[in-house]
Amino acid sequence: MLAHALGNETVDTSPTARIFELTFDAVVGARVCYAAVKLGIPDLLARGPRTSDDLARETDAHPRALYRLLRAATVVGLVSERDGRRFALTPVGEALRRDVPGSMRSWVEFCGDPYYLAAWTNILHTVRTGEAAFEHVHGTPFFDYLGDHPAESQVFDSAMTSLTSSDAPEIVAAYDFGGFERVVDIGGGQGSLLFEILRANERAAGVIFDQPHVTQGVAERISELGFGSRCTVESGDFFAAVPGGDAYVLKFILHDWDDEDCALILSSCRRAIAPGGKLLAVEAVVPPPGVPGHSKLDDIEMMVLLGSQERTEEEYGALLARSGFRLTRVVAVNRWLDVVEAEPV
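Quantities reported herein were computed from a predicted structural model and do not represent experimental measurements. (Residues numbered from 1 in each chain as written. Predicted model: local features only at pLDDT ≥ 70, side-chain atom pairs only at ≥ 80, totals over all residues. Heavy atoms only, no water.)

Engineer: Is there a simple way to think about a negative patch on the surface in this case?
Structural biologist: A cluster of acidic residues, Glu 131, Glu 135, Asp 144 and Asp 148, forms a negative patch on the protein surface. Structurally, the position occupied by Glu 135 is in helix H10 (residues 133–138). (Patch = residues over 30% accessible without salt bridge, like charges linked within 9 Å, V, L, I, M, F, W, Y side chains within 5 Å. Areas by Shrake-Rupley, 256 points an atom, 1.4 Å probe, with all protein chains shown as cover. Salt bridge = Lys/Arg side-chain N within 4 Å of Asp/Glu carboxyl O. Lys, Arg positive; Asp, Glu negative; His and termini not counted. Charge placed at Lys NZ, Arg CZ, Asp CG, Glu CD. Helix = DSSP H or I, 4+ residues; strand = E, 2+ residues; numbered from the N terminus.)

Engineer: Which parts of the structure should I look at to understand the sheet that holds strand E2 (residues 79–82)?
Structural biologist: Adjacent strands of a sheet pair through backbone hydrogen bonds, lying either parallel or antiparallel. Spatially, 3 strands are ordered E1-E3-E2 in an open sheet, and the strand pairing comes out antiparallel. Every interior strand has two partners, whereas the edge strands, strand E1 (50–51) and E2, have only one. (Pairing = 2+ DSSP bridges.)

Engineer: Honestly, empty space enclosed by the protein in this entry has me stumped. Any pointers?
Structural biologist: Taking a probe equal in size to a water molecule and rolling it over the atoms shows the remaining empty space. Per the stated rule, a full pass over the model turns up 1 cavity of 30 Å³ or more. Approximately 40 Å³ is the volume attributed to the largest cavity. As for the largest cavity, its lining consists of Ala 36, Ile 41, Pro 42, Ala 73, Leu 78, Val 79, Leu 89, Gly 93 and Leu 96. Residue composition of the lining of the largest cavity, by class: 8 nonpolar, 1 polar and no charged. (1 Å grid on protein atoms, 1.4 Å probe; cavity = no way out; pocket = protein on both sides within 12 Å on 5 of 7 lines; lining within 4 Å. Points joined across faces, edges and corners; volume = space filled by probe spheres on them. Nonpolar A, V, L, I, M, F, W, Y, C, P; charged D, E, K, R; others polar.)

Engineer: Please explain helix H12 (residues 150–174) as it appears in this structure.
Structural biologist: Note on helix geometry: an α-helix contains 3.6 residues per turn, so any two residues three or four positions apart are oriented the same way. Helix length check: H12, at 25 residues, gives a terminal C-alpha distance of 35 Å against a target of 36 Å (1.5 Å per residue), a fit within 8%. Bending of H12 peaks at approximately 40 degrees at the position of Asp 167, with proline Pro 169 no more than four residues after it. All of the buried residues in H12 are Ser 153, Val 155, Phe 156, Asp 157, Ala 159, Ser 162, Leu 163, Thr 164, Asp 167, Ala 168, Ile 171 and Val 172. (Expected span 1.5 Å × (residues − 1). Bend = angle between axes of the 7 residues up to and from the residue. Buried < 20%, exposed > 50% of the residue type's maximum accessible area, 1.4 Å probe, protein only.)

Engineer: Honestly, helix H2 (residues 15–39) in this entry has me stumped. Any pointers?
Structural biologist: Its 25 residues place the ends of H2 35 Å apart at the C-alpha level, agreeing with the 36 Å of an ideal helix rising 1.5 Å per residue. Helix geometry: H2 is bent most strongly at Glu 21, by close to 35 degrees. Within H2, burial applies to Ala 17, Asp 25, Gly 29, Val 32, Cys 33, Tyr 34, Ala 36 and Val 37. Two residues or fewer after H2 comes Gly 40, characterised by a positive phi angle close to 80 degrees.

Engineer: Would you mind going over the packing of aromatic side chains with me for this structure?
Structural biologist: The description of an aromatic ring pair rests on the distance of the ring centres and on the angle between the ring planes. A complete count under the given rule lists 20 aromatic pairs for this structure. Ring centres 5.6 Å apart and planes at 20 degrees place the aromatic pair Phe 143 and Trp 257 in the stacked group. You can see Phe 143 sitting in helix H11 (residues 142–148) and its partner Trp 257 sitting in the loop between strand E7 (245–251) and helix H15 (259–272), a full 114 residues away along the chain. The partly exposed category is assigned to Phe 143, whose relative accessible area is 28%. Members of the aromatic cluster, connected to one another through ring pairs, are Trp 107, Phe 110, Tyr 115, Tyr 116, Phe 134, Phe 142, Phe 143, Tyr 145, Phe 156, Phe 238, Phe 239 and Trp 257. Sitting over the face of the ring of Tyr 67, Arg 85 holds its NZ or CZ atom 3.9 Å from the ring centroid. (Phe/Tyr/Trp six-rings, centres within 6.5 Å; stacked < 30°, edge-to-face > 60°. Lys NZ or Arg CZ within 6 Å of the ring centre and 35° of its normal.)

Engineer: What am I meant to see in the packing of H15 against helix H17 (residues 313–322) here?
Structural biologist: Packed helices, taken two at a time, are described by the angle between their axes plus the distance between the axes. Viewed as axis vectors pointing N to C, H15 and H17 meet at an angle of 55 degrees, and their least axial separation amounts to 8 Å. When the axes of H15 and H17 are compared, the pair comes out oblique. The handedness of the crossing between H15 and H17 comes out as right-handed. Packed against H15, whose contacting residues are Asp 259, Glu 260, Cys 262, Ala 263 and Leu 266, the element H17 presents Leu 319, Leu 320 and Arg 322 at the interface. Taken together, the residues of the contact of H15 with H17 sort by class into 5 nonpolar, no polar and 3 charged. (Axes fitted to C-alpha atoms, helices over the stretch in contact; angles between N-to-C directions. Parallel < 35°, antiparallel > 145°, perpendicular 65-115°, else oblique. Left-handed = near helix turned anticlockwise from the far one by under 90°. Contact = heavy atoms within 4.5 Å.)

Right under this line is the structure:
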């Protein structure tokens, strides 16, 4: 039945099969990925196929239990099984190695860590009260929790970098950054998006603006990429002030905050933006009623973890207007992302 629902045999499109896929398959598949990552299986298979017994010795795992985990991992597409209980990475499994560009390893860790899952087990608290389940469970807001837990914070930051690394080429392909002189990436993390913008626009300079612990090592990366004369790193509080520029990129920033906090962030940008500049919020815009969109699922995560939200185009227009901006257009990037463009008024 599991293989049936996952599509390894005849596809069952019945409502019952769909419910099974959304519940059992999704939960078990995610936990199989998490266990494989935490044991380091993708890295151990990087040099080629190995037997489950060999992998069990290296990971200090129970041989039979590990074989069963790897067998299940073939169903979700991480590995393939060969004769003699030998397993090899698939292209999907390759994306979980530590040493590949844009590795999704940290994303899987983040989504599988107990502190994250604990919030989801209390989703009904959010639905009944409108309050973030995360704060209800842990007694502190999400970002404050990360500030007190450096190991979890490092995994989260790495997970966000992974997502941005995979999105960046599509963002640059969808939106023309060619007319800007100084691009400020608010909450720019490790610089993945800004680096892609600078590669495509040789006359532009840029600023990565984030908290100091998030940007550790970025200066060295800037030098390695040859952007030393065009890119700088600055830190500070985006609620209070941001560096000057003629383009402000905020990827997955506004959806983290309620309207009042967003107004503070946007007001900081409005005070600093050059005449004729643009504010570019890279977000998942919620489509109209009846129109499918992954952002409607993203919105629930924002509600459960942060007490925040994804927004419709109309909601972004109203939010921007509060801080002295006018929404000019929404540019679709892919089925996950949009660029909400605004200009100062």
